[in-house]
Amino acid sequence: MATKEGLKIHEVVKFPDPVLKQPGAPIAVFDDALKTLVAEMFESMYVAQGIGLAAPQIGLSMRLTVIDTSFKKDPKDKLVLINPEIVEVRGKQFEEEGCLSLPEIREKVQRAAWVKVKAQNQRGEWFEVEGEELLARAILHEIDHLNGVLFIDRISRLKRELALRKIRKMQKNGEW
Ligand code: NI
(Lines give C-alpha, C1' and ligand atoms only; values in the text may rest on other atoms or scores of the structure.)
Protein backbone atom coordinates (compact mmCIF):
# COMPACT_ATOMS: atom_id res chain seq x y z
CA MET A 1 0.00 0.00 0.00
CA ALA A 2 1.24 3.51 -0.83
CA THR A 3 -0.02 7.09 -0.69
CA LYS A 4 -0.60 9.18 -3.83
CA GLU A 5 2.81 10.78 -3.17
CA GLY A 6 4.36 7.30 -3.43
CA LEU A 7 5.06 6.94 0.28
CA LYS A 8 4.97 3.38 1.53
CA ILE A 9 2.37 2.55 4.16
CA HIS A 10 4.09 0.18 6.55
CA GLU A 11 2.19 -2.57 8.29
CA VAL A 12 2.19 -2.32 12.09
CA VAL A 13 3.85 -5.25 13.83
CA LYS A 14 1.76 -6.81 16.59
CA PHE A 15 2.66 -8.30 19.96
CA PRO A 16 4.38 -10.79 20.48
CA ASP A 17 6.71 -10.04 17.56
CA PRO A 18 10.26 -10.16 19.03
CA VAL A 19 11.22 -6.83 17.40
CA LEU A 20 8.95 -5.11 19.95
CA LYS A 21 11.09 -6.44 22.82
CA GLN A 22 14.38 -5.36 21.28
CA PRO A 23 15.97 -1.99 22.15
CA GLY A 24 16.35 0.11 19.00
CA ALA A 25 19.78 1.06 17.63
CA PRO A 26 20.81 4.74 17.66
CA ILE A 27 20.47 6.56 14.34
CA ALA A 28 23.73 8.04 13.00
CA VAL A 29 22.92 8.92 9.38
CA PHE A 30 20.53 11.83 8.71
CA ASP A 31 19.93 11.52 4.99
CA ASP A 32 17.03 11.69 2.53
CA ALA A 33 16.17 8.05 3.20
CA LEU A 34 15.57 8.94 6.85
CA LYS A 35 13.34 11.89 5.84
CA THR A 36 11.32 9.56 3.62
CA LEU A 37 11.03 7.04 6.44
CA VAL A 38 9.75 9.75 8.80
CA ALA A 39 7.11 10.82 6.25
CA GLU A 40 6.12 7.18 5.76
CA MET A 41 5.83 6.67 9.50
CA PHE A 42 3.43 9.62 9.84
CA GLU A 43 1.28 8.30 6.97
CA SER A 44 1.38 4.74 8.34
CA MET A 45 0.37 6.04 11.77
CA TYR A 46 -2.57 7.98 10.33
CA VAL A 47 -3.76 4.96 8.32
CA ALA A 48 -3.62 2.89 11.53
CA GLN A 49 -5.53 5.66 13.40
CA GLY A 50 -2.76 6.21 15.95
CA ILE A 51 -1.24 9.29 17.59
CA GLY A 52 2.20 7.75 18.01
CA LEU A 53 4.30 5.22 16.13
CA ALA A 54 7.80 3.97 16.91
CA ALA A 55 10.13 2.43 14.33
CA PRO A 56 10.18 -1.02 16.04
CA GLN A 57 6.41 -1.13 15.42
CA ILE A 58 7.08 -1.30 11.70
CA GLY A 59 9.82 -3.86 12.22
CA LEU A 60 12.77 -1.43 12.26
CA SER A 61 14.87 -1.64 15.39
CA MET A 62 15.88 2.03 15.39
CA ARG A 63 15.55 4.91 17.85
CA LEU A 64 12.96 6.91 15.93
CA THR A 65 9.37 7.77 16.78
CA VAL A 66 6.69 10.07 15.40
CA ILE A 67 3.86 11.59 17.45
CA ASP A 68 0.84 13.71 16.55
CA THR A 69 -1.48 14.13 19.53
CA SER A 70 -3.96 16.25 17.54
CA PHE A 71 -4.14 13.65 14.71
CA LYS A 72 -3.60 16.00 11.72
CA LYS A 73 -5.64 18.85 13.20
CA ASP A 74 -2.66 21.05 14.04
CA PRO A 75 0.59 20.63 12.03
CA LYS A 76 2.49 22.14 14.98
CA ASP A 77 1.70 18.99 16.96
CA LYS A 78 3.72 16.79 14.58
CA LEU A 79 6.73 15.65 16.56
CA VAL A 80 9.71 13.62 15.33
CA LEU A 81 12.00 12.25 18.03
CA ILE A 82 15.27 10.67 16.92
CA ASN A 83 17.58 9.17 19.59
CA PRO A 84 15.39 10.73 22.33
CA GLU A 85 16.54 10.93 25.93
CA ILE A 86 14.44 11.83 28.97
CA VAL A 87 15.92 14.91 30.64
CA GLU A 88 13.43 15.44 33.46
CA VAL A 89 10.06 14.16 34.67
CA ARG A 90 7.60 15.65 37.15
CA GLY A 91 4.42 14.51 38.83
CA LYS A 92 2.21 11.54 38.11
CA GLN A 93 -0.80 10.67 36.00
CA PHE A 94 -2.77 7.44 35.71
CA GLU A 95 -4.68 7.31 32.43
CA GLU A 96 -5.83 4.76 29.88
CA GLU A 97 -3.49 3.83 27.03
CA GLY A 98 -3.71 1.75 23.93
CA CYS A 99 -1.09 0.70 21.40
CA LEU A 100 -1.23 -0.05 17.68
CA SER A 101 0.78 -3.22 18.40
CA LEU A 102 -1.83 -4.34 20.97
CA PRO A 103 -5.17 -3.69 19.26
CA GLU A 104 -8.25 -3.66 21.52
CA ILE A 105 -6.18 -3.77 24.72
CA ARG A 106 -6.61 -0.66 26.86
CA GLU A 107 -5.42 -0.20 30.43
CA LYS A 108 -4.58 2.61 32.78
CA VAL A 109 -0.84 3.19 33.04
CA GLN A 110 1.05 5.27 35.56
CA ARG A 111 3.28 7.86 33.90
CA ALA A 112 4.91 11.16 34.77
CA ALA A 113 2.52 14.11 34.35
CA TRP A 114 5.21 16.25 32.71
CA VAL A 115 8.32 15.36 30.78
CA LYS A 116 11.23 17.13 29.15
CA VAL A 117 13.15 15.21 26.50
CA LYS A 118 16.03 15.98 24.21
CA ALA A 119 16.15 14.43 20.78
CA GLN A 120 17.55 14.94 17.30
CA ASN A 121 15.46 16.13 14.38
CA GLN A 122 15.65 14.84 10.81
CA ARG A 123 18.74 17.00 10.17
CA GLY A 124 20.50 15.58 13.23
CA GLU A 125 20.11 18.79 15.27
CA TRP A 126 19.46 18.36 19.00
CA PHE A 127 16.42 20.08 20.47
CA GLU A 128 14.38 19.91 23.65
CA VAL A 129 10.64 19.46 23.97
CA GLU A 130 8.35 19.50 27.00
CA GLY A 131 4.98 17.83 27.26
CA GLU A 132 2.23 17.36 29.80
CA GLU A 133 -0.86 15.18 30.07
CA LEU A 134 -1.56 13.38 26.74
CA LEU A 135 1.68 14.56 25.12
CA ALA A 136 3.73 13.39 28.13
CA ARG A 137 2.04 10.00 27.97
CA ALA A 138 2.61 9.72 24.23
CA ILE A 139 6.28 10.69 24.50
CA LEU A 140 6.93 8.25 27.36
CA HIS A 141 4.95 5.45 25.68
CA GLU A 142 6.91 5.89 22.44
CA ILE A 143 10.31 6.12 24.15
CA ASP A 144 9.38 2.88 25.94
CA HIS A 145 8.98 1.27 22.48
CA LEU A 146 12.54 2.32 21.61
CA ASN A 147 13.67 0.46 24.74
CA GLY A 148 11.69 -2.69 23.99
CA VAL A 149 9.02 -1.92 26.59
CA LEU A 150 5.25 -2.13 26.00
CA PHE A 151 2.55 -0.54 28.13
CA ILE A 152 1.38 -3.99 29.29
CA ASP A 153 4.82 -4.31 30.94
CA ARG A 154 3.78 -1.38 33.16
CA ILE A 155 0.45 -2.70 34.48
CA SER A 156 -0.25 -5.08 37.35
CA ARG A 157 0.49 -8.77 36.87
CA LEU A 158 -3.20 -9.61 37.16
CA LYS A 159 -4.22 -7.07 34.50
CA ARG A 160 -1.39 -8.28 32.26
CA GLU A 161 -2.57 -11.88 32.61
CA LEU A 162 -6.10 -10.83 31.64
CA ALA A 163 -4.78 -8.89 28.63
CA LEU A 164 -2.65 -11.85 27.51
CA ARG A 165 -5.67 -14.13 27.87
CA LYS A 166 -7.73 -11.79 25.68
CA ILE A 167 -4.91 -11.74 23.09
CA ARG A 168 -4.65 -15.55 23.06
CA LYS A 169 -8.40 -15.81 22.54
CA MET A 170 -8.26 -13.33 19.65
CA GLN A 171 -5.32 -15.22 18.14
CA LYS A 172 -7.31 -18.47 18.36
CA ASN A 173 -10.26 -16.83 16.62
CA GLY A 174 -8.00 -15.42 13.89
CA GLU A 175 -8.73 -11.85 15.03
CA TRP A 176 -5.13 -10.91 15.90
NI1 NI B 1 2.52 1.67 21.40
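You'll find the structure just up there.
Residues numbered from 1 in each chain as written. Predicted model: local features only at pLDDT ≥ 70, side-chain atom pairs only at ≥ 80, totals over all residues. Heavy atoms only, no water.

1. Side note on the coordination of the nickel ion
Note on the nickel ion: its protein donors are Cys99 (SG), His141 (NE2) and His145 (NE2). The metal-donor distances range over 2.1 to 2.2 Å. In primary sequence terms, the donor set of the nickel ion follows C-x41-H-x3-H. Residue cysteine 99 is found in the loop between strand E4 (93-97) and strand E5 (107-111), and its partner histidine 141 is found in helix H2 (residues 133-146); the two are separated by 42 residues along the sequence. By relative accessible area, which is 10% here, cysteine 99 ends up buried. (Donors = N, O, S within 2.8 Å, 3.2 Å for Na, K, Ca; no water. Helix = DSSP H or I, 4+ residues; strand = E, 2+ residues; numbered from the N terminus. Buried < 20%, exposed > 50% of the residue type's maximum accessible area, 1.4 Å probe, protein only.)

2. A short note on the pairing of strand E6 (residues 114-120)
Walk down a regular strand and you will see the side chains alternate between the two sheet faces. For E6, a buried count of six out of seven residues is recorded, marking the element as mostly surrounded by other parts of the structure. Pairing geometry for E6 and strand E7 (residues 126-132), over seven bridges, is antiparallel. Paired with lysine 118 across the bridge in E7 is glutamate 128. Remark: five residues form the turn of the hairpin made by E6 and E7, two consecutive strands paired antiparallel; glycine 124 in that turn has positive phi of roughly 90°. (Pairing = 2+ DSSP bridges.)

3. Here's the deal with helix H3 (residues 157-172)
Three- or four-residue spacings in an α-helix give side chains the same orientation, since the helix completes a turn every 3.6 residues. When the terminal C-alpha atoms of H3 are compared, their 22 Å separation across 16 residues agrees well with the 22 Å that a helix rising 1.5 Å per residue should span. Within H3, the full set of buried residues consists of Ala163, Leu164, Ile167 and Met170. The buried residues of H3 occupy an angular sector of 120° when the element is viewed end-on, so they sit on one face. Away from its buried face, by an angle of more than 90 degrees, H3 presents the exposed residues Arg157, Leu158, Arg165, Lys169 and Lys172. (Expected span 1.5 Å × (residues − 1). Arc of directions from axis to C-beta.)

4. Here we look at the pattern of salt bridges
Under the defined criterion, the tally for this structure stands at eleven salt bridges. With a shortest N-O distance of 2.6 Å, arginine 154 and aspartate 144 are connected by a salt bridge. Separated by ten residues along the polypeptide, arginine 154 in the loop between H2 and H3 and aspartate 144 in helix H2 bring together distant segments of the chain. Arginine 154 gets classed as partly exposed once you look at its relative accessible area, which sits at 43%. In this structure aspartate 144 comes out as buried when scored by relative accessible area, which is 7%. Through salt bridges with shared partners, a single network forms among Glu97, Arg111, Asp144 and Arg154. (Salt bridge = Lys/Arg side-chain N within 4 Å of Asp/Glu carboxyl O.)

5. A short note on the packing of aromatic side chains
Each aromatic ring pair is specified by the distance between its two centres and by the angle formed by the two planes. Tallied over the full model, the rule gives two aromatic pairs. An angle of 85° between the planes, with centres 5.2 Å apart, marks the rings of tyrosine 46 and phenylalanine 71 as edge-to-face. Note that tyrosine 46 is positioned in helix H1 (residues 32-47) and phenylalanine 71 in the loop between strand E2 (64-68) and strand E3 (78-90), a separation of 25 residues in sequence. Three or more aromatic residues joined by ring pairs make a cluster, and in this case those are Phe42, Tyr46 and Phe71. Over the ring of phenylalanine 42 we find lysine 78, and its NZ or CZ is 4.5 Å from the ring centre. One Lys or Arg, arginine 90, reaches over the ring of tryptophan 114 and ends 4.0 Å from the middle of that ring. (Phe/Tyr/Trp six-rings, centres within 6.5 Å; stacked < 30°, edge-to-face > 60°. Lys NZ or Arg CZ within 6 Å of the ring centre and 35° of its normal.)

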